Amino acid sequence: VLLIGPSGYGKSLTADKLAFDRRQADPPYKVVRESAGLPAIEEAFAAPGRVLFHLEDPWGQSGLKRGEAEDWSKRISALIHQRAPDKQFVITSRSEIYRAALSASPPPVWADRAIVINDGAYDEAARRVILHGPLAAAGAWRQDLARQHEARLLCALKSPFELNAFARELIAVPKPAEADVDRLVDRALSVSRLQVVRDQVGGFGGPGVGGAALLWG
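This structure is a prediction, so every number in the text was calculated from the model and none was measured.

(A) A look at the environment of glutamine 88. Looking at the secondary structure, you find glutamine 88 in strand β4 (residues 87-94). Separated by 38 residues in sequence, glutamine 88 and arginine 50 place their C-alpha atoms 8.2 Å apart. Apart from residues lying up to four places away in sequence, glutamine 88 is in contact with Arg22, Tyr29, Val51, Leu52 and Phe53. For glutamine 88, the side chain forms a polar contact with the side chain of tyrosine 29, separated by 3.1 Å.

Pasting the structure below:
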């Protein structure tokens, strides 16, 4: 399965949960990460036994260097085509990295396995759980404040990351009188944007980091 979507919507958490479940299987799967490198991935694929290949943004990890990104696409797709029953793949990628690496019309080996995790993956009930869950043990006044402003918060904060960031910011407020909802929302959005920028810059490797530093300066 290929999990794609914007930052902050739970691709990595979903992949981590799938990897955890495979580790608990009987017999368990060995988990091989993208950091092992392509030769080690191919060696593990050829060896006997159950293996889950948990590849987090392999194209972004290569800094989108054309040769390296194409190498990942070609060699991983060749393994997927072999359809070994005891070998499974869970791959994550941000939408823009996926398109940059595989074009706007990816080959079926990728497109047929892609699941998009974005706004549409979370209905209002799910987003409400994400908002209130971290506050369950954080004091009644924080829970009351979140319920009081729930409609506004669900409108302003779209991604699970933003909702979690708001909850963390609210938990850090020591007294009800100091809880400024406008400021908490702004800070949650700022934290989320910072993470998106980090993800975007990291996906372009060393040159991207250098260019971002230059623009920031």
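(B) Up close: the pattern of salt bridges. Within this structure, the stated rule accounts for 12 salt bridges. Where lysine 17 meets aspartate 21, a salt bridge forms, and the shortest distance between an N and an O atom there is 2.9 Å. One end of the pair is lysine 17 and the other is aspartate 21, both in helix α1 (residues 11-23) and 4 residues apart, which spans about a single turn. By relative accessible area, lysine 17 is classed as partly exposed at 47%. Aspartate 21 sits in the partly exposed class, given a relative accessible area of 29%. Across the pair arginine 33 and glutamate 34 runs a salt bridge whose closest N-O atoms are separated by 3.5 Å. Classification of arginine 33 by relative accessible area gives partly exposed; the value is 27%.

(C) The pairing of strand β2 (residues 30-33), seen in detail. Here 4 bridges tie β2 to strand β3 (residues 51-56), and the two strands are oriented parallel to one another. Bridged to arginine 33 within β3 is histidine 54. In this fold, the crossover linking β2 to β3 by way of helix α2 (residues 38-46) has right-handed handedness.

(D) Summary view of the side chain of arginine 142. Along the chain, the position of arginine 142 falls in helix α8 (residues 140-148). In this structure, arginine 142 is buried with no salt-bridge partner, the nearest side chain bearing the opposite charge being glutamate 178 at 8.8 Å. The residues contacting arginine 142, other than those within four sequence positions of it, are Leu135, Leu170, Ile171, Val173 and Pro174.

(E) Structural detail: the sheet that holds β2. With parallel pairing, the 5 strands of this open sheet are ordered in space as β2-β3-β4-β1-β5. Looking along the sheet, the strands with just one partner apiece sit at the ends: β2 and β5 (114-116). Adjacent strand axes in the sheet meet at a mean angle of 20° when their direction is disregarded. Note that strand β1 (residues 2-5) and β5 share 3 bridges and pair parallel. The residue bridging isoleucine 4 from the neighbouring strand is valine 116, located in β5.

Scoring rules and cut-offs
- Residues numbered from 1 in each chain as written.
- Predicted model: local features only at pLDDT ≥ 70, side-chain atom pairs only at ≥ 80, totals over all residues.
- Heavy atoms only, no water.
- Helix = DSSP H or I, 4+ residues; strand = E, 2+ residues; numbered from the N terminus.
- Contact = heavy atoms within 4.5 Å.
- Polar contact = N/O pair within 3.5 Å; in protein donor to acceptor, adjacent residues only side chain to side chain.
- Salt bridge = Lys/Arg side-chain N within 4 Å of Asp/Glu carboxyl O.
- Buried < 20%, exposed > 50% of the residue type's maximum accessible area, 1.4 Å probe, protein only.
- Pairing = 2+ DSSP bridges.
- Right-handed = clockwise from strand over helix to strand, strands pointing away.
- Lys, Arg positive; Asp, Glu negative; His and termini not counted.
- Axes fitted to C-alpha atoms, helices over the stretch in contact; angles between N-to-C directions.

Purely geometric numbers; function is a separate question.
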